[in-house]
Amino acid sequence: MTLYQWFVFFLLVQIIHFLGTWKMYQVAGRKSWEAAIPVYNAIVLMKIIGRPTWWTLLLFIPIINLIMFPVIWIETLRSFGKRTALDTFLGLITFGLYIYYVNYTPDLKHRTDRSSTPLSKTADTVSSLLFAIIVATLVHTYFIQPFTIPTSSLEKSLLVGDFLFVSKMNYGARTPMTTVGLPMVHDSIPLTKRRSYATWPQLPYFRLPAFESIKRNDIVVFNWPVDTVYQFFDKSGRRFDKPIDKKSNYVKRCVGIPGDSLQIKDGIVFNNGVELILPERAKPQYSYKVALDGKTSIDFEYLFKDMNITDGAGFISEARDTLFMSALTAAGADRLKNVPGITAVIREISKNVESGIFPHINKWNKDNFGPIYIPQAGKTVSLSTQSLPFYRAIITDYEKNELKIIGNEIRINGKIATTYTFKQNYFWMMGDNRHNSEDSRYWGFVPENHIVGKPVFIWMSWDTNGKGFGKIRWERMFTTVGGDGQPQSYFKLFLLALVAYFVGEYFWKKRKEKKV
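Residues numbered from 1 in each chain as written. Predicted model: local features only at pLDDT ≥ 70, side-chain atom pairs only at ≥ 80, totals over all residues. Heavy atoms only, no water.

A. Up close: the overall build of the chain. If you tally the helices and strands in the chain, you get 12 helices and 23 strands. Each of the three principal axes of the chain carries a C-alpha extent, and together these read 100 × 80 × 40 Å. Sequence separation of 24 or more characterises 66% of the internal contacts of the chain that already satisfy a separation of 6 or more. For the chain, the exposed surface amounts to about 28500 Å²; the carbon and sulfur share of it is 61%. The average position of the 63 basic charges and that of the 43 acidic charges among the side chains of the chain differ by 8 Å. (Helix = DSSP H or I, 4+ residues; strand = E, 2+ residues; numbered from the N terminus. Contact = heavy atoms within 4.5 Å. Areas by Shrake-Rupley, 256 points an atom, 1.4 Å probe, with all protein chains shown as cover. Lys, Arg positive; Asp, Glu negative; His and termini not counted. Charge placed at Lys NZ, Arg CZ, Asp CG, Glu CD.)

B. Examining the nonpolar core more closely. Counting residues in hydrophobic clusters, the biggest one holds 29 residues, and the most contacted among them are Leu383, Tyr391, Trp428 and Phe445. Only strand S7 (261-265), strand S14 (369-373), helix H10 (388-398), strand S17 (409-412) and strand S20 (426-430) provide two or more residues apiece to this core. With six residues, H10 is the single largest residue contributor to this core. With sequence-adjacent residues up to four places away left out, Tyr391 is seen in contact with Tyr373, Pro375, Val381, Leu383, Phe422 and Phe445. Counting 28 residues, the second-largest nonpolar core is a separate cluster that includes Trp55, Ile72, Phe80 and Ile134. (Core = buried A, V, L, I, M, F, W, Y, C linked by side-chain atoms within 4.5 Å. Buried < 20%, exposed > 50% of the residue type's maximum accessible area, 1.4 Å probe, protein only.)

C. Just the sheet that holds strand S16 (residues 403-406), in detail. Strand order in this open sheet of three strands is S16-S17-S18, and the pairing throughout is antiparallel. Pairing within the sheet leaves two strands with one partner each, and these edge strands are S16 and strand S18 (415-416). (Pairing = 2+ DSSP bridges.)

D. Inspection of the packing of aromatic side chains at higher detail. A full pass over the atoms with the stated rule returns 31 aromatic pairs. Judged by centre distance (6.3 Å) and plane angle (35 degrees), the ring pair of Tyr398 and Tyr426 falls under tilted. Pair noted here: Tyr398 is in helix H10 and Tyr426 is in strand S20, with a separation of 28 residues, a long-range link. One exposure class covers both Tyr398 and Tyr426, and it is buried. Arranged with centres 5.3 Å apart and planes meeting at 70 degrees, the rings of Tyr501 and Phe502 form a pair that is edge-to-face. Linked through ring pairs, Phe358, Trp364, Phe369, Tyr373, Phe390, Tyr391, Tyr398, Tyr420, Phe422, Tyr426, Trp428 and Phe445 together constitute an aromatic cluster. The cationic tip of Arg195 hangs over the ring face of Tyr197; the distance from NZ or CZ to the ring centre is 5.5 Å. Its end group placed over the ring of Tyr286, Arg347 keeps NZ or CZ at 4.3 Å from the ring centre. (Phe/Tyr/Trp six-rings, centres within 6.5 Å; stacked < 30°, edge-to-face > 60°. Lys NZ or Arg CZ within 6 Å of the ring centre and 35° of its normal.)

E. A look at the pairing of strand S8 (residues 268-271). When S7 meets S8, the two strands line up antiparallel, connected through four bridges. Among the inter-strand pairings, Leu262 is bridged to a residue of S8, identified as Asn271. The loop that links S7 with its antiparallel partner S8 comprises two residues; one of these, Asp266, has a positive phi angle of about 50 degrees. Of the pairings in the sheet, the one linking S8 to strand S9 (residues 274-275) comprises two bridges and is antiparallel in character. Across the sheet, the residue bridging to Asn271 is Val274, located in S9. Taking the residues that link successive antiparallel strands as the turn, the S8-S9 hairpin has two residues, and the phi of Asn272 there is positive, at about 55 degrees.

The structure is reproduced here in structure tokens:
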């Protein structure tokens, strides 16, 4: 929706509210016109129903307001004597329009003595549950979101089975664009294949002030820009365009920031002609071909376990003279060179053109790519039929322009265009597991409005190949994602703090009992 459409929608809501409540305001001792003033009418209504003024703020926060509106409907009805189960049912089933009927009844009375405390244990439980959902949704949306690593694209830095806390504040919390959906649920309802949200109405993109900007080598969670997954919602095989904030969540390392000229040479990333030096924790992996002498027996199961190489990372050729490794670090390759029976360890570098590589002009491959310009907000580039494939998705999908090509003539929004000025920043994201990562090399730039947050903490790590307590990677629990040097676990400190809390609480209660 455009800002104009939102203004009309908001005005319509205010008219509906005024027509359905003006008499209630009057009966409660207020002026009827107060029901017509946007925002102020909500503040006055909180006073009428005996609820805190700060509840007004919750009415304007997407998703949370979906929880608050039914609460306000029921509270309004009860403030005017409509307390039966039938009244509650009618208020909910009519989406609050039952208030219209109550507003125009001749014996309308306002209850000023109504208690704000729940009348039963059930009501108290429901009230507590709603409050917990609201608080959790606020935290989930604007502060910290839990996230699970599902694939090995950042293997060694982040492992499959890592449970993360992703900070929304570091890069600035993005306000929800999808206004109608289940709280704390992404694109589908758990245990079903049903969509968890409505595609209309949509709010414009807005981000709160950030603590920091995205830097090269930052690990970033973002919405997959080209997500048109239809399997959950459409069995016909058609494309399904999701709202930005409902696209699938991806986690990759940012290797190119706005304004960079990025190039990949033999798998090594260069920015503006300078090699990108990865942090100590990052251990990029590539495919290797390992030559065997065919005579020496090698216990690969023990060797892989000792090197912490996951199952399926390698296979031996039928001739038994070559071992192919799909994800091996440089340190791992050096170790294999010293194993008796291994005669050579050669990193595989793609030389042939690959058709699936962005921008799909059959020119590059996953190891040799570019140079390519990473778009920066406000910067202008020349447009031609040769350069257009790099920026087509930006012009049409991400910045919502109409694009037509007639021969060699490019028209944007009906006007001939020889240049294009970018409206937002873009980033280049890649996985450390270079040959096993679907990343920007395949689908291009990540728009700034797709950024979700920054992983900051691993609170749990689960190894499905382990047994018993061995499934838990204890050394990874309560470790930070960023920072210099190797990760350190703060799990012991957490346990000590937890014990200190419970011991302190025990002695505090004992002290209070003695005073009584």
